[in-house]
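# Summary of structural features
These are the residues of each chain, in order.
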Amino acid sequence: MDKRLALLTSIAELKSSHDEAAAMLSRIMLNAIRAARDEEEAPPLKSVRQYRKAIKDLKIQCLQVEMILAEIVGKPWSVLFDIARPSQWLEQARRHGKLLLDAPLQSRSGRALTGAATLYRLEEAEHSGFGLIVNMSAPAHAAGLAAPDDLRLRDTQQRAELATDAAGLGIWMWDAENDKGFWENERMYELFGLPSNCEPLSAGRFQSDLAHPDDILALRDALARCAEGRSRLHYEGRFYRGAERELRWLELRGELRAGDAPGQRRVIGTAADITDRKCAQAALLEAQARIDAILMAGEIATWTIDIPRQVIRTDQHAGELPGIAESHLSGTLEAHLGAVHEAERSAVAMQMENAIHGDGRYQAAYRVRSTRGGLRHVIARGRVEYAEDGTPLRLTGALIDVTRQKHAEAALQVSQERYRTLFESIDEGFCLIEMLFDRNGKPCDYRFLETNPAFEKHTGLVNAVGKTILELAPGQDQHWFDKYGQVAMSGQPLRFIDESTPLRRWFDVHASRFGAPANRHVAVLFNDITARRRAEEDLKHAAAELAESDRRKTQFLATLAHELRNPLAPIRTGLDIMRINGGNAAAMERVQGIMQRQITQMARLIDDLLDISRINSGKVVLQREAIDLRETLSALVETMQPQIDAAGHMLSLKLPREPMPIDADATRITQIFGNLLNNAIKYTPKGGRILISARRLDGQMEVSVADTGVGIPRDALDQVFEMFTQVSRNMGQAQGGLGIGLSLVRSLVEMHGGTVRADSEGAEMGSTFTVVLPARQPAAAPGNTAPAAPVITGPKPVRVLVADDNRDAALTLAELLELHGYSTAVAHDGYQAVALARSFAPDVAFLDIGMPGLDGYATAGALRQTEGMAHLMLVALTGWAAAEDRERSALAGFNVHLKKPVDTDTLLDLLAKLPLQRDAA
């Protein structure tokens, strides 16, 4: 029976049996060889998965294949080429990559075989040998069969396709001259996730569309080298698969073949998906790297002792062990033991012998010589491997350098001694406690196991060791148990600040678990921060007050700007009117009245500011005298009656018939009740009622100012006396003012030893301010006083020198005095004033203090030393009006100290008395 026989095998070193593709091909070849030997048809191929499973344990050795082939042809395989010239064939194969050899063969039964053998060079990284592919078939005898060459070609193609399909290989061809590609089987399309009807890409498109950008240069170089005949194609790289652009690793193999036309170059090759292999290699490398890193980090070296040969070999990590003698790491076993400290050498040798001839486990701790001098502490562990007959072969293990640990142990011992000293001497409190839990696992108490001397100072607890906190401080808060219980159970340290209610102390605590978790011990380091906590609370309160003060001050500055601008507007307008309509006496009188009122308002604002500043700095001195409070209130009402009438209010004054004597500063008392009455007028709607009542009460004088005005919200009653506070503005009732009037009232009342309070039922319910001042028994009637000096009327031949660097102020004052018949001279600095005084010979000089060059004090001194100025009356006219300013002006030689702005009546009264003063002098 005619049979076609095709044998495809490799006689040389095959790739690793772990390479599934090569193993699959070897299985197919072996089946074909066995079928040819038995002259039976080869069994049909099973699935690739079945073949892969079948070849796992199959190892084809070159000798076995050679023997099978020799059995088939009846001759050794070496007859396929001239064995007399092997070096020539090998040299040609080395140069050209392959060599085709024709040889007449026949099967063992005598049947003629035709075929060819190809010698090729193996280029795998781990091999450098040569392989042989034998292609054989029997001639056809049956009539009507195709020509032997056609049958052989078709049979070869079928078997090649079968082999490539089984191995999962894609077949491709590339026309290098025309840069045109051809994909020969469906597997190529599957590898790249492309439909089978698409056109293969050119080399350029193949590289740009499918290759990973980082691999394009390497792929391009490999294809170029193959197309130029410099080497066979063997390339591994990353490619994109399908529309999802999944990245896969592919292996391309190919070789250059001559085309049908002269000069035509074609590269024929295969493609295989090696992603799984690459991932396995990467995982293996990563695992090896991790192992290497662990060994290096742990200063561990692995070693093997060849027991029969008595030598030791250590891996590359031994170089990471610092300073251990090289003889201990490699060389003979005798040298290995010789590096061990002599006091421990025999024990180490005995432990090694016991492991070899005993249970096989080796462990030794010893000291070994160091290349840097001194000794290193090491631990050696290993296990003996035996042959089947029980002969010990090798002892494999690890060497660990524990010098640092030994040093750490020694340091720990020293540290423990220091710890005990520190434990006894630190200022922080320390205690070791045992957490106690109830049946439900909830922390409910803790027992003190150890305390330091500072513990008692920080807690106040005495003899606490052995007792629980609830025994020492009943009522301890549950959150203390919860926090310590959390530390004991979780092992996570905890830092917190908390208060112990029964101890009435705040503690800054750092707690951490101590010892084994089952012990539930917690080490607590703490400080009593009760004083610091209170200071922080005081600081927060002060900061809040400061912030509130700053807020009110900001509001005050805005109000001050507003209140100072308000009077300036009518003053400026009045000046314009006077300039335009100066001849209209009625208009002039009306404008002057307006300007006078606005100037008075500005002066009052400035006086309030200066008063509150002086009070806060402690510079106000009360000029106490015996006054009748009843008369002071009556005079105040009389003075403010025009304001009351203008506002359309009805005022009632309810005073006792008997005197109400108090020891007080009359001016300040008038200022107190003037502010209260002024507020009542401003914050009471037109047609409202105001009641001022007074009474004697247990040696005190109580005065109330009540109104039916806008009232005060109950929650704001405590704020109305604060600086810069205007409750009415917050209620939409802005009436002007700086918000310092009531603060000034409280300060002045307290300076007199009294109190003031505010009462109101709420908004729109009116308000009442009550002042209580200490009473004084009526003093004895005063004796006869000297009669008042008469005022001399008539001509005023008085010469007045005005010196002020503010030109407008100096000129207007001089003009005012001249309108009243005085002769004036004006200077704008101190030097000019002194020079002018020599020629003008003034009777009185009004000097500003803050003049440039020579200030008012120096000018006064210079005038006092000028000849003929002995009786000159010096008047300080300045905005500096504090007590120390008045004292300084008196020391400089001033007779009178007047505060700007001064009203005209005061000036005229002062000048009217001047002749008498000169006569008295």
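As the structure is a computational prediction, the values presented were derived from the model and not from experiment.

## Remarks on the overall build of the protein
Helix and strand content of the protein: 27 helices and 32 strands. In the protein, which comprises 921 residues, the share counted as buried stands at 40%. When contacts within the protein are restricted to residue pairs at least 6 apart in sequence, long-range pairs at least 24 apart make up 57% of them.

## Side note on the sheet that holds strand β22 (residues 650-654)
On the basis of which strands lie adjacent, the open sheet formed by five strands has the order β22-β24-β25-β27-β26 and mixed pairing. Each having just a single partner strand, β22 and β26 (755-759) make up the two edges of the open sheet. When strand polarity is set aside, the average angle formed by the axes of neighbouring strands in this sheet is 15°. Strand direction decides the pairing type here: β26 and strand β27 (residues 767-774), joined by five bridges, are antiparallel. Within β27, the position partnered with Val756 by the bridge is Val771.

## Quick look at the pairing of strand β9 (residues 265-273)
When strand β5 (residues 170-175) meets β9, the two strands line up antiparallel, connected through six bridges. Considered in β9, the bridge of Asp175 is made with Arg266. Here strand β8 (residues 246-258) pairs with β9 via nine bridges, running antiparallel. From the neighbouring strand, Glu255 faces β9, where its bridge partner is Ile268.

## Here's the deal with the UniProt feature "modified residue: 4-aspartylphosphate" (unreviewed entry) in the protein
If you check UniProt for "modified residue: 4-aspartylphosphate" (unreviewed entry), the listed places come out as Asp848 in our numbering. Its place among the elements puts Asp848 in the loop between β30 (844-847) and α24 (856-864). Residue Asp848 is classed as buried on the basis of its relative accessible area of 7%.

## A word on the packing of aromatic side chains
In total, this model carries 17 aromatic pairs according to the counting rule given. Aromatic pair Phe448 and Phe455: ring centres 5.2 Å apart, planes at 65°, arrangement edge-to-face. Grouping aromatic residues by their ring pairs yields a cluster made of Tyr446, Phe448, Phe455, Trp480, Phe481, Tyr484, Phe496, Phe507 and Phe526. We note Arg245 situated over the ring of Tyr240; from NZ or CZ to the ring centre the distance is 3.9 Å. Sitting over the face of the ring of Trp249, Lys278 holds its NZ or CZ atom 4.6 Å from the ring centroid.

## Notes on the packing of helix α18 (residues 629-647) against helix α19 (residues 666-682)
Running from N to C, α18 and α19 point in directions that differ by 30°, and their axes come no closer than 10 Å. Of the possible angle classes, the one that applies to α18 and α19 is roughly parallel. Here the hand of the crossing between α18 and α19 comes out right-handed. On α19, the residues touching Leu629, Thr632, Leu633, Leu636, Met640, Gln643, Ile644 and Ala647 of α18 are Ile669, Thr670, Phe673, Gly674, Leu677, Asn678 and Ile681. Tallied by class, residues from the contact of α18 with α19 come to 10 nonpolar, five polar and no charged.

## Some thoughts on the packing of α24 against helix α25 (residues 883-892)
Angle between the axes and distance between the axes: these two values describe a pair of packed helices. For the pair α24 and α25, the least separation of the axes is 9 Å and the interaxial angle reads 25°. The orientation of α24 with respect to α25, classified from their angle, is roughly parallel. For the crossing formed where α24 meets α25, the hand is right-handed. Of the residues in α25, those touching α24 at Tyr857, Ala860 and Gly861 are Asp885, Arg888, Ser889 and Ala892. Considered class by class, the residues forming the contact of α24 with α25 number three nonpolar, two polar and two charged.

## Observations regarding the side chain of Asp215
Within the secondary structure, Asp215 sits in the loop between α7 (203-210) and α8 (216-227). Assessed through its relative accessible area of 12%, Asp215 is described here as buried. With sequence-adjacent residues up to four places away left out, Asp215 is seen in contact with Tyr235, Gly237 and Arg238.

## So, the sheet that holds strand β15 (residues 392-401)
Reading across the sheet, the six strands line up as β12-β11-β10-β15-β14-β13 and stay open at both edges, with antiparallel pairing between neighbours. Only two strands of the sheet have a single neighbouring strand rather than two, namely β12 (331-332) and β13 (361-369). Taken together, the two bridges between strand β11 (residues 311-314) and β12 define a ladder with antiparallel strand orientation. Across the sheet, Ile312 pairs through a bridge with Gly331, a residue of β12. Those strands touched by helix α11 (residues 342-357) are β10 (300-306), β13, β14 (375-386) and β15, and its axis lies near 160° from that of β13.

## Re the confidence of the model for the protein
Mean pLDDT over the protein: 76, with 71% of residues reaching 70 or higher. Here residues 122-128 scores under 50 on pLDDT; set against residues more than four positions off or in separate chains, the count is 13 contacts.

## Quick notes on the side chain of Thr304
Relative to the elements of secondary structure, Thr304 occurs in strand β10. Discounting residues that sit within four places of it in the chain, Thr304 has contacts with Val311, Ile312, Arg313, Arg394, Leu395 and Thr396.

## Some words on the nonpolar core
Counting residues in each nonpolar core, the largest one holds 40 residues, and the members touching the most others are Leu629, Ile669, Phe673 and Leu677. In this view, Leu677 contacts Leu636, Met640, Ile644, Leu651, Ile690, Ile692 and Val705; residues no more than four positions away in its chain are not counted. Met188, Leu219, Ala222 and Leu250 belong to the second largest nonpolar core, which has 25 residues in total.

## Details of the environment of Pro842
With respect to the helices and strands, Pro842 occurs in the loop between α23 (830-840) and β30. Relative accessible area serves as the criterion here: at 6%, Pro842 is assigned to the buried category. Considered as a pair, Pro842 and Val800 are 42 residues apart in the sequence and their alpha carbons are 5.4 Å apart. Contact partners of Pro842, with chain neighbours within four places excluded, come to Arg799, Leu801, Ala837, Met869 and Leu872.

Parameters and conventions
- Residues numbered from 1 in each chain as written.
- Predicted model: local features only at pLDDT ≥ 70, side-chain atom pairs only at ≥ 80, totals over all residues.
- Heavy atoms only, no water.
- Helix = DSSP H or I, 4+ residues; strand = E, 2+ residues; numbered from the N terminus.
- Buried < 20%, exposed > 50% of the residue type's maximum accessible area, 1.4 Å probe, protein only.
- Contact = heavy atoms within 4.5 Å.
- Pairing = 2+ DSSP bridges.
- Axes fitted to C-alpha atoms, helices over the stretch in contact; angles between N-to-C directions.
- UniProt positions renumbered as here; feature names shortened; annotations may be inferred.
- Phe/Tyr/Trp six-rings, centres within 6.5 Å; stacked < 30°, edge-to-face > 60°.
- Lys NZ or Arg CZ within 6 Å of the ring centre and 35° of its normal.
- Parallel < 35°, antiparallel > 145°, perpendicular 65-115°, else oblique.
- Left-handed = near helix turned anticlockwise from the far one by under 90°.
- Nonpolar A, V, L, I, M, F, W, Y, C, P; charged D, E, K, R; others polar.
- pLDDT = per-residue confidence, 0-100.
- Core = buried A, V, L, I, M, F, W, Y, C linked by side-chain atoms within 4.5 Å.

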